[in-house]
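Geometric and topological summary
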Amino acid sequence: MNEYTYPMLLGVLVGTFTRIAMLRTDYRQYPTYLHGKIIHIALGFIAAGLGSVAIPAIMEKQFTAVTFLTIAASQFRDVRNMERNTLTEIDGYELVSRGKSYIEGIAVAFEGRNYIVMFTSFLVTLFYLIYNIWAAIAISIVTFLISKKLMSGGKLKDLVHIEQEEIHFEGAGLYIGNIYIMNIGIPDRQKEILEYGMGFILTPKSFNVRPTIANLGQRQAILHDISTIMGVYRDSGTPALVPLIKRDLRSGKIGVFVLPQDRNVEKAKFVIGSVPILENAIRLPNESKANKGDE
Amino acid sequence: MKIEKMILAVITTNKQKVDGGAPIFLCEDKQEMDQVATDIEAIMDGISHALSEEMYIIVKH
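Residue numbers restart at each chain and count upward from 1, following the sequence in its written direction. All chains are assigned letters beginning at A, and all ligands numbers beginning at 1, according to the order in which they are written. Local features in a predicted model are, by the rule used here, given only for residues with pLDDT of at least 70; side-chain atom pairs are given and counted only at 80 or more, and totals for whole chains, interfaces and linings are based on all residues. No hydrogens and no water enter the side-chain calculation; it runs on all heavy atoms of the structure.

What to know about the pairing of strand 4 (residues 179-183) of chain A
Residues and elements named next belong to chain A. Put simply, the rule is: Per-residue accessibility, obtained with a 1.4 Å probe over protein chains only, is compared with the maximum for each type, and a residue is labelled buried under 20%, exposed over 50%, and partly exposed between these values. Helix and strand labels come from DSSP, where a helix needs a run of H or I of at least four residues and a strand needs a run of E of at least two; each type is numbered from the N terminus. Pairing between two strands is assigned when DSSP locates at least 2 bridges connecting them.
Most of strand 4 sits inside the fold, with 4 of its 5 residues counted as buried. Sheet analysis places strand 3 (residues 173-176) next to strand 4, joined by 4 bridges and oriented antiparallel. In the strand pairing of strand 4, Tyr175 is matched with Tyr180. Counting the residues in the hairpin turn of strand 3 and strand 4 gives 2 residues, including Gly177, whose phi is positive at 60°.

A closer look at the packing of helix 1 (residues 5-22) of chain A against helix 5 (residues 133-151) of chain A
Residue and element names in this part refer to chain A. As a reminder, the rule being used: Interaxial angle, 0 to 180 degrees, is taken between N-to-C directions of lines fitted to C-alpha atoms, where a helix line uses only the stretch in contact. The cut-offs work like this: below 35 degrees is roughly parallel, past 145 is roughly antiparallel, 65 to 115 is roughly perpendicular, and the gaps in between are oblique. Working rule for handedness: look at the near helix, and if it is turned counterclockwise from the far one by less than a right angle, call the crossing left-handed; if clockwise, right-handed. Throughout, a residue-residue contact means that at least one pair of heavy atoms, one from each residue, lies within 4.5 Å.
Closest axis-to-axis distance for the helix 1/helix 5 pair is 11 Å, and the angle between their directions is 20°. On the basis of their axis angle, the class for helix 1 and helix 5 is roughly parallel. Note on packing geometry: the crossing formed by helix 1 with helix 5 is right-handed. Within the contact between the two elements, helix 1 uses Leu10, Val14, Phe17, Thr18, Ala21 and Met22 and helix 5 uses Ile133, Ala136, Ser140, Phe144, Ser147, Lys148 and Met151.

Things to note about the layout of surface pockets
Note the following rule: Using only the protein atoms, space was sampled on a 1 Å grid; points where a 1.4 Å probe fits but cannot get out form cavities, open sets with protein on both sides within 12 Å along at least five of seven lines form pockets, and lining residues are those with an atom within 4 Å of a point. Grid points are joined across faces, edges and corners, and a volume is the space filled by probe spheres set on the points. By the convention adopted, Pro, Cys, Tyr, Trp, Phe, Met, Ile, Leu, Val and Ala count as nonpolar, Lys, Arg, Asp and Glu as charged, and the other residues, Gly among them, as polar. As used throughout, domain bounds are those supplied by an automatic or database domain assignment.
Reported here for the largest pocket is a volume of approximately 1,200 Å³. Elements with a contribution of two residues or more to the lining of the largest pocket: strand 4, helix 8 (216-230) and strand 6 (244-247) of chain A together with strand 3 (47-52) of chain B. Looking at which element gives the most residues to the lining of the largest pocket, the answer is helix 8 of chain A, with 4 residues. Taken together, the residues that form the lining of the largest pocket break down as 13 nonpolar, 10 polar and 12 charged. Mapping the lining of the largest pocket onto the domain boundaries places at least three of its residues in each of domain 1 (5-152) and domain 2 (157-283) of chain A.

Put into structure tokens, the structure is as follows:
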């Protein structure tokens, strides 16, 4: 036992706790397994350890010890690879796949959370050593709240208006409003689709939003989330019954065609509204100099 | 090269309109055409698309 024991212990504890708090198993059902969770808690523990060891190392003038942090960085990059690989493997067996962008988003979140843990432990140990335990506890609460805030990204309802729209056939073409979805030949299939299908039109709230919701990865994420939460009228070997999103080229609206088993319209709107905006789908054309003059 | 989309079969009641590449299934009437299309769709995991009242194609997406 020395003067660093308690600060580091607190740092590690708070860090690990932060990681557990960020490890939610929600509708995405990931990570589901106990083992999957243990992997992440263990990595969170390691991250917390690395974070809290940095300050004592500097105080003892062991500057080379800080290079350990670079090992940590490459370690957590592997976490990202691991998550990406697992999810990509599994994705082929989903009825409605997540899509690469969604997977990338999840993988990045897993990596990012470990850095947050490291930073939290770093700060907690720092405050403990500079001030006292109360300051350390205060900063743990602050970082905890900040990490909560940072980790919850935007939702689709911030970007678009969601309206239900009847689906109909013109000849063999399936339409939602005036947005063409696909061509379905067999009359029996058409009947099935009219019976089980639902259509929604998402209208972008601003010009900035258009490329974001047009992004194919974002669209697949919408389909995956609805199909996960509301069920999907589909099986392998029924490619005609596929949820799809197509775009109205003129207005930038998108038409969402889904086949939910739970046919509650309000719930479906809520689910679409709660779809996370994928970070790699966000575009901000209005930030460009070319568009600045228009405002 | 991976072929993304491909016409697996053509089902028609009008032989005049089709020729060449994909297997062609000639049917007597619309009812038979629907039946054949449904079966091939199920067997091949493809989608039946209607090009006209008298012609379906089965496409693998």
